[in-house]
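Examining the three-dimensional arrangement
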Amino acid sequence: MKNLLKKGISTLVVSSLILSSCQSDVMLEPGDVTSTASGIKQVVLSSFTAEVSGDGTIVSITPLSVGADSYQVDFGDDTSTEDMLTITEQGGSVTYDYPNELEKVTYTITVTGKSDGKEDSQVLTDNIDIIHTPTALATVPTSPDVENENVLSILSDGNALSAYTNSVSNVAFDGGTAQYIAALVGDNNAAQYSKLSATIGKVSFDEITIADAFASGESADSLHIDLHSIHSIGLNKVKISLGGKTYEQDLEDNEWTAFDIDLSDEGITSINEIVFELGSDGVATDEATLNVDNIYLHRVSLSVPSFTIDSNANDYSVTFTDASELAVNYSWDFGDGSEVSEDQNPTHEYADDGEESTYTVTLTTTNESGVSTSTTMDVIVGVFGSINPEVVKGDFERLNGDSSDDGNIRGAWKIAGLGNSNPFGTSSDGSCTNYEGTLGSKTRGAKWSSSQSAADLEGTVNPGNTRYAYQAFNLTPNTEYVLEYGYAIRTGGDGEDSMVATILNGHFDDSESAVASIPLVRHVGTIANGKFGDNSCSGGTTMKLPFRSNANGEVSILFYAVTSKDAYIDNVKLYPAE
């Protein structure tokens, strides 16, 4: 075996020559010139070229000779009676399309050069490997529009935003008898199976229990596969087998076709392979290629239960308002042993015992597939008077003037996250008014420099640098409160220096979650009159931000700066509105 022909245009030059005649067989070297007595023309067949094209099975033969008027080319295909072709002119060629049922076959090509009216002929032979390469995939299906958390990928590059992170383990695409190629179009990966006229393509993977596909008790609802074939070189119908079931899918010509099944309706409880083969009454043509992409299990988005309450102090009647997403059904457990309600927005009467009581209310919602999710909230009823919280170290003063207390001051305002581990710098440039409201000399406060600022007014972190001051509180639910504080910004900045104060709707474990949340109230202070003590102690600005506490009373204070000059906070207070 002298040559290997692959897809593309390859040329095989055969230069060994065998002269056949009735008298003798003589080996001729290339370039030899032979002649006979009496002016008889002798055939000198010096070589032939073989060019391969198409899917690797189309071969063109062009002989090179002296004295030949015609050529007979035997392509050596024992499965055909049409593989013997004739060339009747110098420089001519013939082309033959070999079968492509097998990926690789060795054939012997024989070229015989003849001169008109002469019995003498010359024969060249050579073995070649015909390697079938399927037509390259040139199109990809539309990216899935399914959310990442609802996909278990077997073969998919993800949706238009990002790759899928949940994937099946130990996926193999070459377990069948079909010719398999890992196709790549741009950044898109797909599977390509050829020879499906008489073979099967198989995708195998670790067994998936449908009921626990995403996690224990979190089932998959459906299976999706994108399929593609060009009828003239492929198939018009495919049979798909999985989970003990078989399906027939018609294929559009050169269009991606979506195949979807409901796993529950089909009674499929587990799968560990998917088999593709020619449909029962389908037609396979030429290379019989099928392209496959976006094989994944999908679940319907889970409902997101959420609710608010409307209750007044010393009121035992509570109205619950649904704020859920994707919910179809509702179940309310009011936490007092009463009957469950299936109303969307129920009102519940708690026992009026004259005492303040806390009940844990649970809302369970189901999505369109009947999968349940729950959320809970502590609801306080019978409240007499509003909670007046303490802001720990709201005056930023050292205990007994001892600098070792700075760690306690910072510790009262710390929150984890990607920013700096300290919430602010302690400073002697606090307000001239003490925590009780008496004007005097400077007190201590919290300070932010330009290097400790957030990247923007939304609070985007500069990793390792941004300082966030945070403190959580439990207030009386659904009650009017006021956040009071003083801030100051040094002069000479860029005109956009700001001190940001927010009351957050809940408690948070890290600054990233806190910043990303929607606050109950937010203020961006931009007055830059200098430090608190500048201009006869008139450099600071006092803010009083009114807000209404949420349904469970859990709120937080968050401060951060976006400034090119030093900024300060002092005298932070939180109290019920009058």
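The residue count restarts for each chain, going from 1 along the sequence in the order it is written. Note on the predicted model: pLDDT of at least 70 is required for a residue's local features to be given, and 80 or more for side-chain atom pairs to be given and counted; whole-chain, interface and lining totals, by contrast, use all residues. Only heavy atoms go into the side-chain values, all of them from the structure, while hydrogens and water stay out.

1. Things to note about the overall build of the protein
The following threshold applies: The helix count covers DSSP runs of H or I at least four residues long, the strand count covers runs of E at least two residues long, and both are numbered beginning at the N terminus. Only C-alpha atoms enter the radius of gyration, while the globule expectation follows 2.2 Å times N to the 0.38, with N the number of residues. Exposure classes here rest on a 1.4 Å probe applied to the protein chains alone. A residue is buried below 20% of its type maximum, exposed above 50%, and partly exposed in between. Contact between two residues is taken to exist if any of their heavy atoms lie within 4.5 Å; hydrogens are not considered. What sets the accessible areas is the Shrake-Rupley method with a 1.4 Å probe; for residues, cover comes only from the shown protein chains. Asp and Glu count as negative and Lys and Arg as positive, but His and the ends of the chain are not part of the count. All charge positions are set by atom: Lys at NZ, Arg at CZ, Asp at CG, Glu at CD.
The secondary structure content of the protein amounts to 4 helices and 36 strands. By the compact-globule yardstick of 25 Å for 578 residues, the protein is too spread out, its C-alpha radius of gyration being 41 Å. Taking all 578 residues of the protein together, 47% fall into the buried category. Counting only contacts in the protein whose residues sit at least 6 apart along the sequence, the fraction spanning at least 24 positions is 68%. For the protein, the computed accessible surface area is about 26900 Å², with 44% contributed by carbon and sulfur atoms. Where the 28 positive side-chain charges of the protein centre and where its 86 negative ones centre are 13 Å apart.

2. Comments concerning the pattern of salt bridges
The condition is simple: Within this document, salt bridges are pairs made up of a side-chain nitrogen of Lys or Arg and a carboxyl oxygen of Asp or Glu, the two lying within 4 Å of each other.
A complete count under the given rule lists 11 salt bridges for this structure. Salt-bridge contacts for Asp 129 lead to Lys 104; the nearest nitrogen and oxygen are separated by 3.9 Å. Taken together, the residues Asp 129 in strand 11 (residues 121–131) and Lys 104 in strand 10 (residues 104–114) connect sequence positions 25 residues apart. Residue class for Asp 129 comes out buried when judged on its relative accessible area of 1%. Its relative accessible area of 49% is what places Lys 104 among the partly exposed residues. Among the salt bridges present, the one from Arg 490 reaches Asp 566, with a minimum N-O distance of 3.7 Å. One end of the pair, Arg 490, is in the loop between strand 31 (480–489) and strand 32 (498–504); the other, Asp 566, is in the loop between strand 35 (554–562) and strand 36 (567–576), and 76 residues separate them in sequence. Its relative accessible area of 36% is what places Arg 490 among the partly exposed residues. Note on Asp 566: relative accessible area 15%, which makes it buried.

3. Things to note about the environment of Ala 488
Along the chain, the position of Ala 488 falls in strand 31. As for Ala 488 and Asn 529, which are separated by 41 residues in sequence, their C-alpha atoms are 7.0 Å apart. Apart from the residues within four sequence positions on either side, Ala 488 is in contact with Gly 530, Lys 531, Phe 532, Gly 539, Gly 540, Asp 566, Ala 567 and Tyr 568.

4. Considering the side chain of Asp 405
Note the cut-off: We call two N or O atoms a polar contact when they sit within 3.5 Å, provided that within protein one can donate a hydrogen and the other can accept it, with sequence-adjacent residues counted only if both atoms are side-chain atoms.
Residue placement: Asp 405 occurs in the loop between strand 27 (372–381) and helix 2 (406–412). Within the local environment of Asp 405, its side chain forms a polar contact with the backbone nitrogen of Leu 399, the two atoms lying 2.8 Å apart. Ignoring anything within four residues of it in the chain, the contact list for Asp 405 reads Lys 393, Glu 397, Arg 398 and Leu 399.

5. Thoughts on the sheet that holds strand 23 (residues 317–322)
Definition in use: Only when DSSP finds a minimum of two bridges between them are two strands counted as paired. Geometry is summarised by axes, namely lines fitted to C-alpha atoms with helices restricted to the contacting stretch, and by angles between N-to-C directions that run from 0 to 180 degrees.
Read from one edge to the other, the open sheet built from 3 strands follows the order 22-23-25, with strand pairing classed as antiparallel. This sheet does not close on itself; its edge strands, each paired only once, are strand 22 (307–310) and strand 25 (347–349). Looking at each pair of strands side by side, their axes are set apart by 25° on average, direction ignored. Bridge analysis of strand 23 against strand 25 gives 3 bridges, and the strand direction is antiparallel.

6. Let's talk about empty space enclosed by the protein
Quick reminder of the rule: Both site types are read off a 1 Å grid over the protein atoms alone. A 1.4 Å probe that fits but cannot get out defines a cavity, while an open set with protein on both sides within 12 Å along at least five of seven lines defines a pocket; lining residues have an atom within 4 Å of a point. Grid points are joined across faces, edges and corners, and a volume is the space filled by probe spheres set on the points. Only Asp, Glu, Lys and Arg are considered charged, only Ala, Val, Leu, Ile, Met, Phe, Trp, Tyr, Cys and Pro nonpolar, and every remaining residue, Gly among them, polar.
For the coordinates displayed, the defined rule picks out 3 cavities of 30 Å³ or more. In this structure, the largest cavity encloses a volume near 50 Å³. If you trace the largest cavity, you find it lined by Glu 218, Ser 219, Asp 221, Arg 299, Val 300, Leu 302, Asn 367 and Val 371. Partitioning the lining of the largest cavity into residue classes produces 3 nonpolar, 2 polar and 3 charged.

7. Some words on the nonpolar core
It is characteristic of soluble globular proteins that their nonpolar side chains tend to be buried jointly. Let me state the cut-off plainly: Nine residue types can take part in a nonpolar core, namely buried Ala, Val, Leu, Ile, Met, Phe, Trp, Tyr and Cys, and a core is a set of them joined through side-chain atoms within 4.5 Å.
Residues Ile 208, Ile 225, Leu 227, Ile 274, Phe 276 and Leu 297 are the most contacted members of the largest nonpolar core, which totals 38 residues. Breaking this core down by element, the ones donating at least two residues are strand 12 (151–155), strand 14 (188–194), strand 15 (201–209), strand 16 (222–228), strand 17 (237–242), strand 19 (257–262), strand 20 (270–278) and strand 21 (290–298). Listed in part, the 31 residues of the second largest apolar core include Ala 469, Tyr 485, Val 555 and Leu 574.

8. Some words on the pairing of strand 16
For strand 16, the buried fraction is high: 7 of the 7 residues fall into the buried class. Strand direction decides the pairing type here: strand 16 and strand 19, joined by 6 bridges, are antiparallel. Paired with Leu 223 across the two strands is Ile 261, which belongs to strand 19. With 6 bridges connecting them, strand 16 and strand 21 associate as antiparallel partners. Bridging across to strand 21, Ser 222 finds its partner in His 298.

9. What about the confidence of the model for the protein?
Rule in force here: A score from 0 to 100, pLDDT tells how confident the predictor is in each residue.
Scored by pLDDT, the protein has a mean of 87; 91% of the residues are at 70 or more. Strand 32 holds the highest mean pLDDT among the elements of the protein, 98, whereas strand 4 (residues 25–28) holds the lowest, 28. Between residues 1–40, whose pLDDT stays under 50, and residues either more than four places distant or in other chains, the model counts 95 contacts.

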